[in-house]
Amino acid sequence: MYTIKDKILLAPGIKMFMIDAPSIAQKAKPGQFVIVRKDEYGERIPLTIADSDKREGTITIIFQEVGRSTQDLGKMEVGDMILDLVGPLGRESEIDFYGTVICVGGGVGVAPIYPITRALHMKGNRIISIIGARSADYLIWLDKMDEVSDEFYVTTDDGSYGRKGFVTEVLTEIMDKEEINMVMAIGPIQMMEAVSRITKEKGIKTLVSLNPIMLDGTGMCGACRVQIGDEVKFACVDGPEFDGHLVDWENAKRRLKMFEREEKIALTSLGCRCCQGGEK
Amino acid sequence: MPREIIKNKYPMPLLPIEKRIKSFHEVALGYTEDLAIKEAERCLQCNKPSCVEGCPVGVDIPAFIKLILERDYLAAAAKIKEKNSLPAVCGRVCPQENQCEKMCVLGKKYEPVAIGRLERFVADYELANGELQYTRKSPTGYRVAVVGSGPAGLTCAAELAKMGHEVTVFEALHIAGGVLVYGIPEFRLPKSIVAKEIENIKALGVKIEVNSVIGKLWTVDELMREKGYHAVFIGTGAGLPYFMDIPGENLNGVYSANEFLTRVNLMKAYDFPNYLTPIRTGKRVAVIGGGNVAMDAARTALRLGVEESYIIYRRTEKEMPARAEEIEHAKEEGVRFIFLSCPVEIKGDNEGRVCEIICQNYELGEPDESGRRRPVPIPGSEYSLKVDTVIMAIGQGPNPLIAATTDQLQVNKKGNIIADEQTGKTSKPGVFAGGDIVSGAATVILAMGAGKKAALSIDKYLRSL
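Attention here is on the structure that accompanies the text. (Residues numbered from 1 in each chain as written. Chains lettered and ligands numbered in written order. Predicted model: local features only at pLDDT ≥ 70, side-chain atom pairs only at ≥ 80, totals over all residues. Heavy atoms only, no water.)

As for the overall build of chain A
Working step 1: The number of helices and strands found in chain A is 9 helices and 16 strands.
Working step 2: Based on the C-alpha atoms only, the size of chain A along its principal axes is roughly 60 × 40 × 40 Å.
Working step 3: Going through the 280 residues of chain A one by one, you find that 57% of them count as buried.
Working step 4: Intrachain contacts of chain A at a sequence separation of at least 6 include 65% that bridge at least 24 residues.
Working step 5: Accessible surface for chain A amounts to roughly 11,700 Å². Of this, 49% is attributable to carbon and sulfur atoms.
Working step 6: Once the 35 positive and 43 negative side-chain charges of chain A are each reduced to a mean point, those two points are 3 Å apart. (Helix = DSSP H or I, 4+ residues; strand = E, 2+ residues; numbered from the N terminus. Buried < 20%, exposed > 50% of the residue type's maximum accessible area, 1.4 Å probe, protein only. Contact = heavy atoms within 4.5 Å. Areas by Shrake-Rupley, 256 points an atom, 1.4 Å probe, with all protein chains shown as cover. Lys, Arg positive; Asp, Glu negative; His and termini not counted. Charge placed at Lys NZ, Arg CZ, Asp CG, Glu CD.)

Section: the pairing of strand β2 (residues 14–20) of chain A
All names here are of chain A.
Working step 1: Counting buried positions along β2 gives 5 out of 7 residues, so the element sits mostly inside the fold.
Working step 2: From the end of strand β1 (residues 2–11) to the start of β2, which pair antiparallel, there are 2 residues, and Gly13 there has a positive phi angle of about 75°.
Working step 3: Pairing of β2 with strand β5 (residues 58–64), which is carried by 7 bridges, proceeds in the antiparallel orientation. What sits directly across from Ile19, in β5, is Ile59. (Pairing = 2+ DSSP bridges.)

Section: the environment of Ala176 of chain B
All names here are of chain B.
Working step 1: Residue position: Ala176 is located in the loop between β2 (166–170) and α10 (179–182).
Working step 2: Exposure remark for Ala176: the relative accessible area of 10% places this residue in the buried category.
Working step 3: Ala176 sits 271 residues away from Ala447 along the chain, and the two C-alpha atoms are 16 Å apart.
Working step 4: With sequence-adjacent residues up to four places away left out, Ala176 is seen in contact with Ser149, Glu171, Val181, Ile198, Ile208 and Val210.

Focus: the sheet that holds strand β3 (residues 207–209) of chain B
Residues and elements named next belong to chain B.
Working step 1: Spatially, the 5 strands line up as an open sheet ordered β3-β2-β1-β4-β16, and their pairing is parallel. Looking at which strands have only one partner, the edges of the open sheet turn out to be β3 and β16 (431–433). Averaged over all pairs of adjacent strands, the angle between their axes in this sheet comes to 20°, without regard to strand direction.
Working step 2: With 3 bridges joining them, strand β4 (residues 231–234) and β16 adopt parallel strand pairing. Along β16, the bridge assignment pairs Phe233 with Phe432.
Working step 3: The sheet contacts of helix α18 (residues 444–463) involve β1 (143–147), β4 and β16, and relative to β4 the element is tilted by about 170°. (Axes fitted to C-alpha atoms, helices over the stretch in contact; angles between N-to-C directions.)

Regarding the interface of chain B and chain A
Many authors give the size of an interface as the accessible area that is lost as the parts come together.
Working step 1: At the interface, 43 residues of chain B touch 53 residues of chain A.
Working step 2: In terms of surface lost to chain A, no three residues of chain B exceed Lys216, Asn250 and Leu276 of chain B, which account for 18% of the buried area on that side.
Working step 3: If you look at where chain B meets chain A, you find 3 salt bridges.
Working step 4: A salt bridge links Glu222 of chain B to Lys27 of chain A, with the nearest nitrogen and oxygen atoms 2.5 Å apart.
Working step 5: At the boundary of chain B and chain A, one finds 19 residue pairs in polar contact (both at pLDDT 80 or more).
Working step 6: If you list the elements that add at least two residues to the side of chain B that touches chain A, you get β5 (240–241), β6 (254–256) and α13 (257–266) of chain B.
Working step 7: If one sorts the elements of the side of chain B that touches chain A by residue count, α13 of chain B sits on top with 4 residues.
Working step 8: Class assignment of the residues belonging to the side of chain B that touches chain A gives a composition of 19 nonpolar, 14 polar and 10 charged. (Buried area = accessible area lost by both parts, 1.4 Å probe. Salt bridge = Lys/Arg side-chain N within 4 Å of Asp/Glu carboxyl O. Polar contact = N/O pair within 3.5 Å; in protein donor to acceptor, adjacent residues only side chain to side chain. Nonpolar A, V, L, I, M, F, W, Y, C, P; charged D, E, K, R; others polar.)

Here we look at unusual backbone geometry
Working step 1: At the junction of Gly87 of chain A and Pro88 of chain A, the peptide bond is cis and its omega measures out at -5° in the coordinates.
Working step 2: Take Pro88 of chain A: it is sitting in strand β7 (residues 84–89).
Working step 3: A positive phi is found at Gln45 of chain B, a non-glycine position, where the angle reads about 50°.
Working step 4: Relative to the helices and strands, Gln45 of chain B resides in the loop between α2 (33–41) and α3 (50–53).
Working step 5: Judged by its relative accessible area of 26%, Gln45 of chain B falls in the partly exposed class.
Working step 6: Here Leu340 of chain B, not a glycine, exhibits a phi torsion of approximately 50°, which is positive.
Working step 7: Inspection of the secondary structure puts Leu340 of chain B in the loop between β9 (336–338) and β10 (341–348).

Below, the structure written as structure tokens:
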């Protein structure tokens, strides 16, 4: 059992937990994730480790309440215990010196890109960060990202904060202006696809962090398989980071919809365990 | 006083077919006491019992059967447990027809004694009525880490604990049992039985740490260097699913058997949305493969309510690696077998969901290295089958995680850890391995046999330190 030490509402429907998990905290590296199972009935949910504190023995996860399982998780409070937490899983990011690196974070994707940005920054890279969200309300960790960036841009779809528009517009402008050695993008799959498309034209190495449907997270089931160039990879053990130029985005987007109908059923049966609610 | 020889085994009471396919209730109900005694009476109590030679863990079969005749079922259970830590599991899923029962002298002329069913009867009796007294040797002070809580790891852990060593089992998933809980379905091996067997092993003093992925949380080297374990046993099984590498395999609706079975068994997707992990089958399911895993998947699909559940296998029934009993049950329940056939492509609809599978017919040619006749495709024989789900049950390989993160640990071409068959010794001092991670996908009892042998050699190794 893993105790929730702290809970912060970062934005509407976006919550942050600090969880007591000393062993995982010792080992967690940027880019890795954990699998959380709230209780006996819960799904195994993969969530990126947004931060970890070896001394306190805690890890930080940030999640958006998009379905039943994340909603259930979001109802947990400080002091509550999560039944299962396993990690750190996946490969760590390759933190290297590249030169000038653009880190693009969209929506809740800012959480996973933060530890990578920080590590890249500490490695001596010049960091240009571009953070985007629907509106001002949904922007998270601006100050933390700013702290580890040499240049910092914010966009919102509605213009309620920073520049109105998409992260890709800023990205294009920067790439036109100066030489960029690497781009790291984490966020909604459409955003990562758009970023990869733009950087591919310019031939700039681009890494994305994929978040496909997962089950065990240890390479056992293949639910998370993604087409990377002419190879099939398991995101849980071969990723989650991949070369954005090689990802088969159509396939990746489609596979996320595998259980779309079931996800709706789970939402409508909310809170009801006494009957087989919502099946028909 | 010559006694009449009963030529056939007393049949196993089975759940009626119409009840089976509507639930995950266990199909084989187990012998009653009366049936067990009658069946035990068939045993010839040979002076040189060849059945024991057929048992990978060397259970004293005539002795436990004799104890059944004496109505001392707890003693019978104790007798089995001298050699086998998971009798209720083995009584259900061992391929006895290829092991003990194959060697049974009675079997030369008639049907062999139903050793597996008797083992199960005794083990179930003990789980329901008994509290076994274990004799544990005094603590040795040595600590052993066991990686993986499947049949190999549990057996190794139990044996080492009995010898007085301090044992911790590390399991990656949230429940212990490995393939016994994520792979083999409830209707063949109830999870409550597995849980009870594991409780018994814990009662020996074995600690089980779930949610612990060795190679990620700690490496094998760290377990030995920093965590104070004197030896490590690796029993991580065959957990890496194989796919066919044919077009359309990444469509929605194509599962590995591991994913399909894990969703249903481990995550209880059959009770969705009570349990939140979903499963989706549509109306028509095709399972590719001919082993026990394929049978499990096809029979599971039926229980989830599909209209058609096909098994597509490229050889014939005779070459199928699945147990005869499993094939029989699958047929009874309505699984449809398509032999001498193999998929070449999976096609999807506009939304990228599986809608049909294109297969090619095969014929049998010359025998291959396995001795089975090689399946040869017949050109131009392609045909289409409308299906909503395709489940790949064509085998599993070793998970590379441990090998990739452990210094000096040698693996073969396929990625299996190289270990001595008799001792489980690997290329790395203090590290032992056994079960499917060494042999490639095999059976529960062979993994247990390997775990047991490794325990003996680990004990020897520890005492030499």
